[in-house]
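Each chain, letter by letter, is given below.
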Amino acid sequence: MEIGGSSESQSQNETKKGKSKIPRKPKESLLKQKSPAEFFAENKNIAGFDNPGKSLYTTVRELVENSLDSAESISELPVVEITIEEIGKSKFNSMIGLVDRERVDAQLYDDYETAKAREKRLAKEARAQEMQAKNAALGKKVKEQSSTKGMKGRGEASFYRVTCKDNGKGMPHDDIPNMFGRVLSGTKYGLKQTRGKFGLGAKMALIWSKMSTGLPIEISSSMKAQSYISFCRLDIDIHRNIPHIHLHEKRNNDDWWHGAEIQVVIEGNWTTYRSKILHYMRQMAVITPYAQFLFRFISDAPDKNVTIQFARRTDVMPPVPLETKHHPSSVDLLLIKRLIAETSKQNLLQFLQHEFVNIGKSLAERLIGELGPEFSPKMVVKSLSDQQIVRINQLFRQAKFDDPTGDCLSPAGEYNLHLGIIKELHPDMVATYSGSAQVFEGHPFIVEAGVSVGGKDVKQGLNIFRFANRIPLLFEQGADVVTRTALKRINWGSYKINQTQDRIGVFVSVVSTKIPFKGTGKEYIGDDITEIATAVKSAIQQCCIQLKSKIMKKMQAREQQERKRNLSRYIPDATNAVYDVLKHMSQSHASKRKRYSGEEAEILSKITANLITKETLKEKLAEHVEKVDYEMAMEYATQSGVTEEPREDIFIQTLDPENKFIEFQSPIFVFRLVC
């Protein structure tokens, strides 16, 4: 019985074990979808929201660029005010209606420190302070002691209210919710030069605000000659990609203000990204000298407050970028299908003529003839089969077309770039160059460059400033085509520029209907496009050639000054020697041992009568040195275009907008003939 019982229990155990080993059936997978807002919320690093500090920087950048686009679209000189206000934890909690609580379990928090660890940290800080005191006593350079870095929990995050106000176009009242609360909806889509990288604008700032603070965005906007201000407070339903409106109303516009004011509260890090934000504002002032920027950082600690105004230097604005049609060599199969679906043209001949650039009637007819007998000019374009569309795409890839012009592009302009560099850097000398329109993969592009030597807040060596469609690029500089060209492909020494000792500023701006960014963050232009790399190198070299001429003239002037110093140094010795010779000659002349006549006799007589003394000779030699120096200086001034009269600053009042004038522009001046 015992044996049987044990075997029975064993078989039961085996049965149980066997049951536990049976694999569970996986749940049936369900098809799910993500909205665009949900996708960017989960992949926020793509749009430049990698961390709180970068998110603060990107929010400022997006708002400033939207403001510039808005003002430029109505040909209004931009006035942009950007304010970052630091919000403490207690203030933030009161904003969201949360009551502060004292810590109960201190060990639960990231910044908890044991007594032993605290004692060790304090001892280390004491040793560091002692070492600093010794170095200071010895006159050595003392490094600032870095604050103790501890782990920072989410509860101790820093919050900021970012406000951007402009004098731009404003927004229609009914469009505001969709413009801010629906991702991938906007007015900048189309083939044209735009500042934006993804078309997200302030929408990504709203998504980050919802993720980090949960607070809505506030928008005030008014269009020109509009008697009311549209006010909207909203956030975004991330899963449905639709706006969630808290308040949307019209308010009085007594001042007839036009523009937009956007306010958003986000998590950020001003300490680590302070220099990046200020650097961005400075570079934006370089590339847009026709704009006026006011930047403010407001903190509870007054010593942290920052107020910087970037004044307007010119009222000459670049033209508004124009939307253009696609070049045949730049399209793909999907784009051709979309153009066919959206076209208003009926037949194939009209479609080719009006939907693409550089295809006239005769060329369109030749292309249709080349496509084959199943194609005809009068065939209905929307009746094309997939195979026929593929044939069109293949011919577009193989056929030769004229390059597109750069008429649709809006570069900063050599005049504005020159002014911007002078305004912000105050260099000793600067040269600028604007290249002609060129093409890569069917897209036109223009490269502008500036090179400066010396200046304010410019470090020794190469200081590279990169711009794409007139926005600064601050990250991933090492892989950029501009950086690699400036470091490896320019022989600075051949232009009399010392690459390591001189303070060199290299400014390169690329504008195009399609900027070939690399990487997910779109922060640099690749070095693999030969056309752009060649154009960048050529533009920098043209600037260097101009600078070489200026540097050579400056070197000549320095040599002249050195010669003058050397001559002046030998005046006393030369005076004594010449006077001794003349004195000896006058004695021979007086004793009739040797007779002199004419001017020589007259000079010797004056020496005998003490009418010419050493002091007289010294003064005459000094006058001669001054005369030679003056003549050489005048020759230098004539060559360099500097007049003899001293320069004086002049200030010309801005013309009334109602005045009509004809404008003539050159790289160094703008001349206006008032009608």
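Residues numbered from 1 in each chain as written. Predicted model: local features only at pLDDT ≥ 70, side-chain atom pairs only at ≥ 80, totals over all residues. Heavy atoms only, no water.

Rules: UniProt positions are given in the numbering used here, feature names are shortened, and annotations may be inferred rather than shown by experiment.
As recorded in an unreviewed UniProt entry, the protein chain goes by DNA topoisomerase 6 subunit B and comes from Salix udensis. Taken from UniProt, the Function (unreviewed entry) comment for the protein chain reads in full: "Component of the DNA topoisomerase VI involved in chromatin organization and progression of endoreduplication cycles. Relaxes both positive and negative superturns and exhibits a strong decatenase activity. The B subunit binds ATP." The annotation that UniProt attaches to the protein chain under Subunit (unreviewed entry) is "Homodimer. Heterotetramer of two TOP6A and two TOP6B subunits."

1. What about the side chain of E448?
Rule in force here: Counting from the N terminus, the helices are the DSSP runs of H or I reaching at least four residues and the strands are the DSSP runs of E reaching at least two. The buried label applies to any residue whose accessible area, calculated with a 1.4 Å probe on protein chains only, is under 20% of its type's maximum; exposed applies above 50%, and partly exposed to all values in between. Charged residues are defined here as Lys and Arg on the positive side and Asp and Glu on the negative side; His and the ends of the chain fall outside this count. Every case where a carboxyl oxygen of Asp or Glu lies within 4 Å of a side-chain nitrogen of Lys or Arg is listed as a salt bridge. Throughout this description, a polar contact denotes any pair of N or O atoms lying within 3.5 Å of each other; where both atoms belong to protein, one of them has to be capable of donating a hydrogen while the other can accept it, and for residues adjacent in sequence the pair is counted only when both atoms sit in side chains. Any pair of residues with heavy atoms lying within 4.5 Å of one another is described as a contacting pair.
Of note, E448 is situated in strand 11 (residues 443-453). Here E448 occupies a buried position and makes no salt bridge, while the nearest side chain of opposite charge, R470, is found at 7.5 Å. Within the local environment of E448, its side chain forms a polar contact with the side chain of S434, the two groups lying 3.5 Å apart. The contact partners of E448, leaving out residues within four places of it in the chain, are P411, A412, G413, E414, L417, Y433, S434, F507, V508 and S509.

2. Digging into the nonpolar core
Here is the rule we go by: Here, the term nonpolar core denotes a set of buried Ala, Val, Leu, Ile, Met, Phe, Trp, Tyr and Cys residues that are joined through side-chain atoms within 4.5 Å.
With 66 residues, the main nonpolar core has I84, F180, W270, F293 and F295 as its most contacted residues. Looking at this core element by element, the count peaks at 10 residues for helix 8 (residues 270-287). Aside from chain neighbours lying at most four places away, what touches I84 is L56, V60, Y160, R161, W270, I277, F295, R296, F297 and I298. Ranked by size, the runner-up nonpolar core spans 37 residues in total, among them V451, C543, L547 and I551.

3. Things to note about unusual backbone geometry
For N358, which is not glycine, the phi torsion reads 65° and is therefore positive. Mapped onto the elements of the fold, N358 is located in the loop between helix 10 (348-355) and helix 11 (361-371). Take N358: its relative accessible area is 30%, and that puts it in the partly exposed class. Of note, the phi angle at N469 is positive, near 50°, even though the residue is not glycine. Residue position: N469 is located in the loop between strand 12 (461-468) and strand 13 (471-473). For N469, a relative accessible area of 6% translates into the label buried.

4. Focus: the pattern of salt bridges
Taken as a whole, this structure holds 23 salt bridges when the rule is applied. Residues E62 and R61 are paired through a salt bridge, measuring 3.0 Å at the closest nitrogen-oxygen approach. The partner of D237 in a salt bridge is R240, with the nearest N and O atoms 3.6 Å apart. By relative accessible area, which is 59% here, R240 ends up exposed. Here the salt bridges share partners, and the residues they tie into one network are R61, E62, E65 and E523.

5. What to know about the confidence of the model for the protein chain
How we decide: What pLDDT conveys is the predictor's confidence in a given residue, as a value from 0 to 100.
For the protein chain, the mean per-residue pLDDT works out to 82, and 83% of the residues sit at or above 70. Confidence drops under pLDDT 50 across residues 1-5; counting only partners more than four residues distant or on other chains, this segment forms 0 contacts. Of the regions scoring below 50 in pLDDT, residues 642-648 engages in 4 contacts with residues more than four places distant in sequence or in other chains.

6. Topic: the packing of aromatic side chains
Stated formally: Only rings of Phe, Tyr and Trp enter the pairing, Trp through its six-membered ring, and a pair is recorded when the two centres are within 6.5 Å. The plane angle decides the type: under 30 degrees is stacked, over 60 is edge-to-face, the rest tilted. Either the NZ atom of lysine or the CZ atom of arginine qualifies as a charge over a ring when it sits within 6 Å of the ring centre and within 35 degrees of the ring normal.
On inspection of all chains with the given rule, the structure shows 13 aromatic pairs. Measuring from ring centre to ring centre gives 5.3 Å for F39 and F40, while their planes differ by 80°; the resulting arrangement is edge-to-face. Centroid distance Y57 to Y280: 5.8 Å. Interplanar angle 85°. Geometry classified as edge-to-face. With a gap of 223 residues between them, Y57 in helix 3 (residues 52-73) and Y280 in helix 8 connect regions that are remote in the sequence. Across the pair, exposure class does not vary: Y57 and Y280 are buried alike. Taken together through their ring pairs, the aromatic side chains of Y57, Y273, Y280 and F475 make up a single cluster. Positioned above the aromatic ring of Y228, the side-chain terminus of K250 is 4.5 Å from the ring centre. Positioned over the ring face of F231 is R251, at 3.8 Å from the centre of the ring.

7. Quick word on a nonpolar patch on the surface
Quick note on the threshold: For patch detection, residues must exceed 30% relative accessible area and be free of salt bridges, and they are connected within 9 Å for like charges or within 5 Å for nonpolar side chains (Val, Leu, Ile, Met, Phe, Trp, Tyr). Here the accessible surface of atoms and residues is derived via Shrake-Rupley with a 1.4 Å probe, and residues count as covered only by protein chains that are part of the display.
On the surface, M95, I96 and L98 cluster together into a nonpolar patch covering about 240 Å² of accessible area. Tracing the sequence through the fold places I96 in the loop between helix 4 (89-95) and helix 5 (115-137).

8. Comments concerning the packing of helix 14 (residues 481-489) against helix 15 (residues 530-569)
Using the following cut-off: All axes here are fitted lines through C-alpha atoms, helices being fitted over the stretch that makes contact, and every angle between N-to-C directions spans 0 to 180 degrees. Oblique is the label for every angle not falling under 35 degrees (roughly parallel), over 145 degrees (roughly antiparallel), or within 65 to 115 degrees (roughly perpendicular). Crossings are classed by handedness, with left-handed meaning an anticlockwise turn of the near helix from the far one by less than a right angle and right-handed meaning a clockwise turn.
For the pair helix 14 and helix 15, interaxial distance at closest approach is 10 Å and the crossing angle is 55°. Here helix 15 runs oblique to helix 14, going by the angle between their axes. Crossing of helix 14 over helix 15 shows right-handed handedness. Residue-level contacts link V481, V482, T485 and R489 of helix 14 to I532, A533, V536, K537 and I540 of helix 15.

9. Overview of the pairing of strand 2 (residues 158-165)
Note the following rule: In this scheme, strands are said to pair when DSSP sees at least two bridges between them.
Within strand 2, 7 of the 8 residues are buried, which leaves the element mostly enclosed by the surrounding structure. As paired elements, strand 1 (residues 79-87) and strand 2 share 7 bridges and run antiparallel to each other. Looking at the pairing, E86 lines up with Y160 of strand 2. Where strand 2 lies against strand 6 (residues 259-268), 8 bridges are found, and the strand directions are antiparallel.

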